[in-house]
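Architecture and fold: a report
Below, each chain spelled out in residue letters.
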Amino acid sequence: MQKVVCPGSYDPVTNGHIDVFKRASDIANEVVVAVLVNHSKAGLFSIEERVDLIKESCQHLPKVSVQTFDGLLVDFCKTQGVTAIVKGLRAVSDFDYELQMSQMNYQLGQVETLFVATNPLYSFLSSSLVREVARHGGDISTSVPKSVAQALKVKYKR
Ligand code: PNS
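Just so it is clear, the model here is predicted, and its values are computed rather than measured.

Side note on the site of the ligand
All residues adjacent to the ligand are Pro7, Gly8, Ser9, Leu36, Phe69, Gly71, Leu72, Leu73, Lys87, Met101, Met104 and Asn105. Between the ligand and the protein, one listed contact pairs an oxygen atom with a side-chain N or O atom of Ser9 at 2.6 Å. Expressed as a share of its isolated accessible area of 550 Å², the protein-covered part of the ligand is 71%. Of all the secondary structure elements, the ones that give two or more residues to the shell around the ligand are β1 (3-8) and α4 (92-109). For the shell around the ligand, the element with the highest residue contribution is α4, accounting for three residues. Taken together, the residues that form the shell around the ligand break down as seven nonpolar, four polar and one charged.

Now the structure itself:
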């Protein structure tokens, strides 16, 4: 497979995301991690911070590059010459929404979505849970890369 995209908000990137990027790199020549620029939601980390944290965390994955996008994902896929979208599925609860999105993306742009079953080590992980635990001073050291753990400490002044 030529080039795939792993889209998301990544506020911040977690070890679960990194696992999906790694597995996407095992099946594709190029993996573009595409960070959504959401104009209606500020988030904890700025888009630039999210991109930097992903780049730092993916230094061991040479096929991975990081970009931002706004607008429709299928338009980004077209301009980038992307063959498929790759996403992780953590649990049945992810399935309904992911199925809807994949069907819509196929209808809009005939772009296929491939799902990888999340490593059970990370199946409970989400960026929002990581933010909440970090905000209350909990230990997120096994959930996120070192640079992200450090950045969360700075954000929450711990
Ligand atoms: O990490 P998230 O927030 O679950 O990622 C959601 C994302 C970025 C994959 C999704 O919101 C998206 O693709 N947004 C771009 C706008 C778009 O194409 N919407 C139609 C999707 S069917």
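Having seen it, we continue.
Examining the side chain of Asp11
With respect to the helices and strands, the residue Asp11 is situated in the loop between β1 and α1 (15-27). Residue classification places Asp11 among the buried positions, given a relative accessible area of 6%. Within polar-contact distance, the side chain of Asp11 engages the backbone nitrogen of Phe45 at 2.9 Å.

Points about the side chain of Lys87
Turning to its location among the elements, Lys87 is positioned in strand β4 (residues 84-89). Residue class for Lys87 comes out buried when judged on its relative accessible area of 16%. Polar side-chain contacts of Lys87 include one of 3.0 Å to the side chain of Glu98. Discounting residues that sit within four places of it in the chain, Lys87 has contacts with Pro7, Val20, Glu98, Met101, Thr113, Leu114, Phe115 and Val116.

Re the pattern of salt bridges
Scanning the entire structure with this criterion turns up eight salt bridges. A salt bridge links Arg50 to Asp11, with the nearest nitrogen and oxygen atoms 3.6 Å apart. Residue Arg50 is found in helix α2 (residues 47-57), and its partner Asp11 is found in the loop between β1 and α1; the two are separated by 39 residues along the sequence. Judged by its relative accessible area of 6%, Arg50 falls in the buried class. The closest approach of N and O atoms between Asp19 and Arg23, which form a salt bridge, is 3.1 Å. Of this pair, Asp19 and Arg23 both sit in helix α1, four residues apart, which is roughly one turn of that helix. The buried category is assigned to Asp19, whose relative accessible area is 15%. Look at Arg23 and you get partly exposed, because its relative accessible area is 27%.

Some words on the packing of aromatic side chains
Taken as a whole, this structure holds two aromatic pairs when the rule is applied. Consider the rings of Phe69 and Phe76, whose centres lie 5.4 Å apart with planes at 40°: the pair is tilted. The pair Phe69 / Phe76 is uniform in exposure class, with both members buried.

Cut-offs used in this document
Residues numbered from 1 in each chain as written. Predicted model: local features only at pLDDT ≥ 70, side-chain atom pairs only at ≥ 80, totals over all residues. Heavy atoms only, no water. Near = heavy atom within 4 Å. Polar contact = N/O pair within 3.5 Å; in protein donor to acceptor, adjacent residues only side chain to side chain. Areas by Shrake-Rupley, 256 points an atom, 1.4 Å probe, with all protein chains shown as cover. Helix = DSSP H or I, 4+ residues; strand = E, 2+ residues; numbered from the N terminus. Nonpolar A, V, L, I, M, F, W, Y, C, P; charged D, E, K, R; others polar. Buried < 20%, exposed > 50% of the residue type's maximum accessible area, 1.4 Å probe, protein only. Contact = heavy atoms within 4.5 Å. Salt bridge = Lys/Arg side-chain N within 4 Å of Asp/Glu carboxyl O. Phe/Tyr/Trp six-rings, centres within 6.5 Å; stacked < 30°, edge-to-face > 60°.

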